[in-house]
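Chain by chain, the residues:
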Amino acid sequence: GAGVSQSPSNKVTEKGKDVELRCDPISGHTALYWYRQRLGQGLEFLIYFQGNSAPDKSGLPSDRFSAERTGESVSTLTIQRTQQEDSAVYLCASSLAGGLYEQYFGPGTRLTVT
Amino acid sequence: QQPVQSPQAVILREGEDAVINCSSSKALYSVHWYRQKHGEAPVFLMILLKGGEQKGHDKISASFNEKKQQSSLYLTASQLSYSGTYFCGTEDNTGNQFYFGTGTSLTVIP
């Protein structure tokens, strides 16, 4: 079916506002990842969801970041009180069942905090 | 915990070969390789699951030495389309986090 989709593709927000980023994984994929990629930098792991297991939140950069996933479907990454250093491309990936399977990436959400 | 890649950047002429290395200070249980072109999302190349395993994908192959906690990606007879940034990646020992390497920028010129 369709690949991983993310929305919005671009988001410009003012410092201090909250933003919500959405990821729709490939149907049937139980694993879902969120990464942050600053301009010209590598991929920074944020959080990983596997099935109905509670995620390890220690990769989230601060308590302003939170993420949820409903079952094995859509996931949202919420950033509260955005700061300029949050500006980056946020990438979502899904895989069939975790770290031993290839990850399929969505196109990303480019977040700009002004 | 982030794997370290070398070199950081490499420029090749079409037809030349290259090797990209990925080293980890932690035990590696599997190694992924991805390529990311400018302005695009990363694309999967291959995954290696066992120590000493080698895999191939067209003219791109990789090896994984579990004991040395290293993996290498081999690009032979490089093509212009090989240009991009290459990342290795691995999950941590809990399986709850996934780390990509520092990245290697590869540019193939005519």
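What comes next concerns the included structure. (Residues numbered from 1 in each chain as written. Chains lettered and ligands numbered in written order. Predicted model: local features only at pLDDT ≥ 70, side-chain atom pairs only at ≥ 80, totals over all residues. Heavy atoms only, no water.)

Notes on the overall build of chain B
Thought 1: In terms of helices and strands, chain B carries zero helices and eleven strands.
Thought 2: In sequence order, the secondary structure elements of chain B are arranged as β-β-β-β-β-β-β-β-β-β-β.
Thought 3: Against the globule reference of 13 Å for 110 residues, chain B gives a C-alpha radius of gyration of 13 Å, in line with a compact fold.
Thought 4: If one aligns the C-alpha atoms of chain B with their principal axes, the spans along those axes are about 45 × 30 × 20 Å.
Thought 5: Counting only residues that meet the buried cut, chain B has 45% of its 110 residues in that class.
Thought 6: For chain B, the share of sequence-separated contacts (at least 6 apart) that also reach a separation of at least 24 residues comes to 54%.
Thought 7: Counting only carbon and sulfur atoms, one obtains 48% of the accessible surface of chain B, whose full area is about 5,400 Å².
Thought 8: Separation between the mean location of the 9 positive side-chain charges and that of the 9 negative ones in chain B comes to 4 Å. (Helix = DSSP H or I, 4+ residues; strand = E, 2+ residues; numbered from the N terminus. Rg over C-alpha atoms; globule rule 2.2 N^0.38 Å. Buried < 20%, exposed > 50% of the residue type's maximum accessible area, 1.4 Å probe, protein only. Contact = heavy atoms within 4.5 Å. Areas by Shrake-Rupley, 256 points an atom, 1.4 Å probe, with all protein chains shown as cover. Lys, Arg positive; Asp, Glu negative; His and termini not counted. Charge placed at Lys NZ, Arg CZ, Asp CG, Glu CD.)

Things to note about the pairing of strand E5 (residues 44-50) of chain A
All names here are of chain A.
Thought 1: Where burial is concerned, most of E5 is hidden: five out of the seven residues are buried.
Thought 2: Where strand E4 (residues 31-37) meets E5, six bridges bridge the pair, whose relative direction is antiparallel. Bridge assignment links Trp-34 to a residue of E5, and that residue is Ile-47.
Thought 3: Taking the residues that link successive antiparallel strands as the turn, the E4-E5 hairpin has six residues, and the phi of Gly-40 there is positive, at about 75 degrees. (Pairing = 2+ DSSP bridges.)

Section: the interface of chain B and chain A
Thought 1: Taken together, the 16 residues of chain B in the interface contact 18 residues of chain A.
Thought 2: Buried area between chain B and chain A, both sides added, is near 1,600 Å², and the carbon and sulfur share of it is 60%.
Thought 3: Counting the contacts that link chain B with chain A gives zero salt bridges.
Thought 4: Counting the contacts that link chain B with chain A gives five residue pairs in polar contact (both at pLDDT 80 or more).
Thought 5: Of all the elements in the fold, those that place two or more residues in the side of chain B that touches chain A are strand E4 (31-36), strand E5 (43-48), strand E9 (84-91) and strand E10 (98-100) of chain B.
Thought 6: Here the residues of the side of chain B that touches chain A are counted per class, giving nine nonpolar, six polar and one charged. (Buried area = accessible area lost by both parts, 1.4 Å probe. Salt bridge = Lys/Arg side-chain N within 4 Å of Asp/Glu carboxyl O. Polar contact = N/O pair within 3.5 Å; in protein donor to acceptor, adjacent residues only side chain to side chain. Nonpolar A, V, L, I, M, F, W, Y, C, P; charged D, E, K, R; others polar.)

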